[in-house]
Amino acid sequence: MPRSKKFRRARLIVIVLVMLLVAGAGYGGYRGVAAVRASFPEVDGSVKVAGLSAPVDVKRDANGIPQLYADTSADLFRAQGYVQAQDRFWEMDVRRHITAGRLSEMFGDGQVETDSFIRTMGWRQVAQKEYDTQLSADTKKNLQAYADGVNAWLAEHPGGQSASLEYTLLGVVNSGYKPEQWTPVDSVAWLKAMAWNLSGNLQEEIDRSLLAQDFSPEKIAELYPEYPYARNGTIVKTGTVVGDSYRPADGSSQAGAGTTAQGAAATKAMLKDVTDRIDAMPQMLGRQGQGIGSNSWVVAGTHTTTGKPLLANDPHLGPGLPSVWYQMGLHCRTVSPTCQYDVSGFTFAGMPGVVIGHNKDIAWGFTNLGADVTDLFLEKVTGPDTYQVDGKDVKFELRKETIKVAGGEDRTITVRTTQTGAPLISDQSTEQQNVGKYAPNGSAAPDRSTSGYGVALQWTALSPGKTMDAVFELDRAKNWEEFRAAAKDFAVPAQNLIFADSKDIGYQAPGNIPIRGKGDGSNPAPGWDSAYQWKGSVPFSALPYSINPSSGYIVTANQAVVDPSYKYLLTKDWEYGTRAKEITDQIESKLKNNGKISPDDMQEMQLDNTSILAKTLVPLLLKVPIDDPYVREAQDLLKDWNYHQDADSAAAAYYNGVWRQLLSLSFGQKFPADLRAKGNCLLVRQQADPTKPDTGTSAPIVTECGTRDPGKAQPDGGDRWTEVVRQQLEKPDSSWWTYIDSQHHEQKGLDHLLAEAMKNARQDLTALLSKDVSTWSWGRLHKLTLREQTMGTDDSSLASGAVHRLLNRGPYRLSGGSAAVDAAGWNAAAGYEVDWIPSMRMVVDLSDLDASRWVNVGGASGHAFHPNYNDQTDLWLKGKLLTWAYSPDAVEKATKNKLVLTTG
C-alpha cells in the first residue's frame, strides 16, 4: 500500500525538524540540543513511586549504571521497571510493538509485512500462554511489580511527553499515538525476539535448498563440511546417556570437590519468498541464526593467580544504539525470604532480572548452543482451510489478525496453523496466498493442484515455556545444584551455560531441543508425511553437562558440544570451532608458560584478533609468482605479517581483500542470484536450459546481479567458509577453483585463482583506499557504525538520513574479523562493514567480585544526547573494561548520583 499523503507530508516535517536540531547542534553547541534535555532522567533527590512499601535507593556511577537497594523483592523490581523506563522507555515501547506485531500502529504501512510475519508466528499469543499457564507465582509477582514501576514512570510522562526526542519526532508524523500501560506479558514477549535471533539453522535449510537448483548433493556437502572434531574438539568430552540420564566422560567430579530429497529440491520461488520475509524482520539483536557467535570460558581456581575461578563472556550480536544490554545491580539490603536478590550484571530493557552476571555466590555466562530448534515443512495445501497429511485432508487452525495502521486503513490477515502448531509462514500478505511453482522431486510427493505448497515453521519457541522462571532462578542460585535447576527451565533460546562459584566450575546445555521422527533438519521436510513430525524433546536429564573437568577449564564458543556418538541429534550445523580452538590453545599456552592465568590474561584473550586461516593461506599466496609489480607491491605486504588483524595493519587489509575476492571467484560466481547480495553483479556462465537439447557448445557468459539482502548474502566468509576453503585448498584441481577472469575467459586451478584474487584485491583496495599501499589500514575498510535501531531504515518508519545523523554514532575503525576471537564480523559477499560485534565484555573474579570488570558497546542511556548514550564506546573500542563495583562499600565509593524512590 503506498504511503498516504498525510504521512509523506509529516515525514518531510520530521526531516526539517531534525535538520534544525542538527544545525542547532552544529552552530549553537549546547543550546542546539537543549530541547531534548527535558527527557533526561532525574538522578538526584527523591521521587514518589506509587506502590512502594519502603524507599529504594538508586545509586548511579559516572557511567550512569544504576545499583538499586530495596527491602522487598516487589520494591526491587518495581524500582527496576521505573529506572529502566527512565533511561530506555522509547526502546522498550518499540520492542513490545515488534514482539506483538504492532509496529504499524506507530510507524504506518511500511511495517505491515513485518507485523504480518510476527502475527503469523504469534509471539504475543505464546507469551500470554506462558504467563497464564507456565510461570510460577513468584515470577508473576516480579513481572507485575516491574510493570507497575514502568507505569509509575509513564504516569509522569503521559502520552510520551518529555519522554524522548523520538516521541517528539513520532508526534509530528503520528500525533494520535499514546503509549499504553506496560503489562507483564510485554516483558515475557521479548524472550521471543531473543530466541528468534538465536534460533539455529533456519537460513541454512533455505540456502541448501536454493543451492540444489544448480549443485548436486555432493557439491552442496562440500559447502557444508563435517565438523572437524579431531582438530577443534567439543565443549565436553562426549559422555553416555543411560536411560535418560547423561553421564559425563571428561573427568568431571562432583560439585564442591575442587537430508531429505523432497526438501533439497524445494521450490526456488517459494523459498525466496520466505527468505525475503525473514530479511524484513527487525534486527534488534542482529542477523538471525547461525553465523552469530559468542565466546565464554571459565578457569578453575587451581589454574588462576587469584586462587579462585575466573569467568569471561562476550556475546556477539548486531551493533546498534541504544545498546542491546543494560547494566544494572539489584540488591536487597538484607537477603531474606521476602527479599531474595543480590545480583548484578547485564539486563534487557523491558525485562526484569539480570540475564548474565553474578550474585554473591555464583557467576554465569551464555553463548549460543546452536541447537537446531526450527524446521521448515512443505505443506500440500488442498483448500483455504485444509492441507494433506498421510493422504488425508486435515483442517488448519484458523485465526484472524487485524493490523491497525497509523495514517492508513486496517489490514486483516488469516493465519493458518497446522495441527502440530506450525504456522504457515508463506501466508502473510493475503488470506490465500499460493506458493510454489514446481513440485519437489520424489515419487512420494503429492501433486501441486489447488493452492500448491505452503511453508510452515515448526519452532520450539512457539510452545509455551518457563524461561522467565529460569532468569529469576539464576539470579538467586547459590550453588551448582541450584544453577542446574534454573537451567532446566531455560527452554529457549538453547544456550551454552557456564558456571563458577568460589570452588567449582561447570557447564550445562539447556533448552527445548526437538526429537525428530524422520529427517535431520538439514532441509525442509515433507509435511504431508507424518513420519517427519517431531516426537517430543530431549529430556533435560540427558543433556550434556560438566562439573570440575580434569582440564581445569571449560571453553564455549559455539563449537560442537559433543561428538556424533551422543545419543540425540542436537544439530548438524555447528559453528566450526575456530574461535574455540584459539581460546583453548591460548589457555594451554599460558598454563604451560606461566603456570597461572590472571584476570588481565582473560581480558587480553578477548582481544585476540588472529586470523587462523591466514596461517594456512598466506604461505600459498606468497608462493604464487606475480609478474605485475603493481600487484607484487601488495603481495609483499604479507611477508612477515603476524596474522593479527589490527585496525592499523596494511597487511590485514590486503589479506582480507584477497579473502573476499577468493570467495567471490571460487564460490560467489557459481551461486544462484538469490544467494548473492543485491547489486553484486558478476560475470557467470549462463546455466543450460534443461528443456532444450544440448548443443555441445559452452553456454555464454553473462552479467547476473544478486537479489539477497546484503546481511544474509553468501559466501559471507564466516567460520564455515574458513573450513570450506581449508578443505578445498588440499585439492589444487578442485572444480571450485574454476572461475571467469576479468577478460571473460574461463580459468582453472588454485594458483591461477589466487593470482586473480590478489590482482582484484589490489584494484579494489586502490579504489577504496589509495594507490599508495603504505597508507592502507584494515580499520579504514573495517568500520563500525552504531545505528539507532528503533527508527527503521531510510525507506521506512521515521527514518531518513537526517534522523540517522542525529541518532547514530561512528563510523569507528575496528580490529578483528569474523572468525577471530575478537569477532568484529563482516560479510565478505557484501563489503567490509562490521555487522556483528562483541556486544559487551565481562570478566568475573570469584576471589573478589569488586575486582570484576565489564563494558558495554554503548552506554546506559537511550537518550541520544545524554552523556551516557555511548560513553563506553571508546573504552570498548580500545579493549578496556570498567571496574564492576558490587559490594555496598564499593558501590557507595563509585556513586556519583543518588536518587531515592519514596512511597507514593
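Draft legend 1. Looking closely at the overall build of the chain. Along the backbone of the chain there are 26 helices and 36 strands. Evaluated residue by residue, the chain yields a buried proportion of 62% over its 904 residues. Accessible surface, the chain: about 32,100 Å² in total, of which carbon and sulfur atoms supply 50%.

Draft legend 2. The arrangement of the state of the cysteines in detail. In this structure the tally under the stated criterion is two disulfides. Across the disulfide, cysteine 332 is cross-linked to cysteine 339 (sulfur-sulfur distance 2.1 Å). Because the torsion about its S-S bond is -85°, the bridge between cysteine 332 and cysteine 339 counts as left-handed. A relative accessible area of 5% places cysteine 332 in the buried class. Disulfide partner of cysteine 681: cysteine 705, at an S-S distance of 1.8 Å. Negative torsions about the S-S bond denote left-handed disulfides, and the value of about 105° found for cysteine 681 with cysteine 705 makes this one right-handed. On the criterion of sequence distance, the pair formed by cysteine 681 in strand β25 (residues 681-685) and cysteine 705 in strand β26 (residues 701-705) is long-range, its members being 24 residues apart. Residue class for cysteine 705 comes out partly exposed when judged on its relative accessible area of 36%.

Draft legend 3. Quick look at the sheet that holds strand β3 (residues 66-70). The eleven strands are arranged β1-β36-β2-β3-β8-β9-β10-β11-β18-β19-β23 in an open sheet whose pairing can be described as mixed. Looking at the sheet topology across the chains shown, the edges are occupied by β1 (45-49) and β23 (545-547). The average angle at which neighbouring strand axes cross in this sheet is 15°, direction not considered. Bridge analysis of strand β8 (residues 326-332) against strand β9 (residues 342-347) gives six bridges, and the strand direction is antiparallel.

Draft legend 4. Representation of helix α4 (residues 112-121). Among the ten residues in α4, nine count as buried, and that is most of the element. Within the sequence span of α4, burial applies to Val112, Thr114, Asp115, Ser116, Phe117, Ile118, Arg119, Thr120 and Met121. Remark: glycine 122 follows α4 within two positions and exhibits a positive phi of approximately 75°.

Draft legend 5. How the structure looks around the packing of helix α14 (residues 467-476) against helix α15 (residues 480-488). Running from amino to carboxyl end, α14 crosses α15 at an angle of 170°, the nearest separation of the two axes being 8 Å. Classed by the angle they form, the pair α14 and α15 counts as roughly antiparallel. Between α14 and α15, the contacting residues are Ala470, Glu473, Leu474 and Arg476 on the first element and Glu482, Phe483, Ala485 and Ala486 on the second. The residue inventory of the contact of α14 with α15, partitioned by class, reads five nonpolar, no polar and three charged.

Draft legend 6. Region of the structure containing the packing of aromatic side chains. A full pass over the atoms with the stated rule returns 40 aromatic pairs. Ring centres 6.3 Å apart and planes at 75° place the aromatic pair tryptophan 190 and phenylalanine 348 in the edge-to-face group. Judged by centre distance (5.5 Å) and plane angle (70°), the rings of tryptophan 778 and tryptophan 826 are edge-to-face. Linking tryptophan 778 in helix α23 (residues 778-781) with tryptophan 826 in strand β31 (residues 825-826), this pair joins segments that are 48 residues apart in sequence.

Draft legend 7. Expanded view of the pairing of strand β14 (residues 392-395). Bridging between strand β13 (residues 386-389) and β14 involves four bridges; their strand directions are antiparallel. What sits directly across from threonine 386, in β14, is lysine 395.

Draft legend 8. Spatial organisation of unusual backbone geometry. At the junction of leucine 321 and proline 322, the peptide bond is cis and its omega measures out at -5° in the coordinates. Tracing the chain through its elements places proline 322 in the loop between β7 (310-317) and β8. That bond from valine 492 to proline 493 is cis: its omega, -10°, falls within 30 degrees of zero. Relative to the elements of secondary structure, proline 493 occurs in the loop between α15 and β18 (495-500). With phi around 70°, asparagine 558 is a residue other than glycine that occupies positive phi space. Assignment of secondary structure puts asparagine 558 in the loop between β24 (553-556) and α16 (578-593).

Draft legend 9. Here's a closer look at the pattern of salt bridges. Considering all chains together, one arrives at 41 salt bridges under this definition. Here arginine 231 ties to glutamate 723 by a salt bridge, and the two come within 2.3 Å at their closest N and O atoms. Residue arginine 231 is classed as partly exposed on the basis of its relative accessible area of 33%. A salt bridge links arginine 516 to aspartate 375; the nearest nitrogen and oxygen atoms lie 2.7 Å apart. Here the residue arginine 516 occupies a position in strand β20 (residues 514-516), and aspartate 375 occupies one in strand β12 (residues 374-383), the gap between them amounting to 141 residues. One exposure class covers both arginine 516 and aspartate 375, and it is buried. Residues participating in the shared-partner salt-bridge network are Asp93, Arg96, Arg124 and Asp186.

Draft legend 10. Just the packing of helix α6 (residues 137-156) against helix α8 (residues 184-197), in detail. Between α6 and α8, whose axes approach to 8 Å, the crossing angle comes to 110°. By the criterion of interaxial angle, the relationship of α6 to α8 is roughly perpendicular. Contact residues: Leu143, Gln144, Tyr146 and Ala147 in α6; Pro184, Ser187 and Val188 in α8. A breakdown of the residues in the contact of α6 with α8 according to their chemical character gives five nonpolar, two polar and no charged.

Rules of the game
- Residues numbered from 1 in each chain as written.
- Predicted model: local features only at pLDDT ≥ 70, side-chain atom pairs only at ≥ 80, totals over all residues.
- Heavy atoms only, no water.
- Helix = DSSP H or I, 4+ residues; strand = E, 2+ residues; numbered from the N terminus.
- Buried < 20%, exposed > 50% of the residue type's maximum accessible area, 1.4 Å probe, protein only.
- Areas by Shrake-Rupley, 256 points an atom, 1.4 Å probe, with all protein chains shown as cover.
- Disulfide = S-S within 2.5 Å.
- Pairing = 2+ DSSP bridges.
- Axes fitted to C-alpha atoms, helices over the stretch in contact; angles between N-to-C directions.
- Parallel < 35°, antiparallel > 145°, perpendicular 65-115°, else oblique.
- Contact = heavy atoms within 4.5 Å.
- Nonpolar A, V, L, I, M, F, W, Y, C, P; charged D, E, K, R; others polar.
- Phe/Tyr/Trp six-rings, centres within 6.5 Å; stacked < 30°, edge-to-face > 60°.
- Salt bridge = Lys/Arg side-chain N within 4 Å of Asp/Glu carboxyl O.

All we've got here are geometric facts, nothing functional implied.
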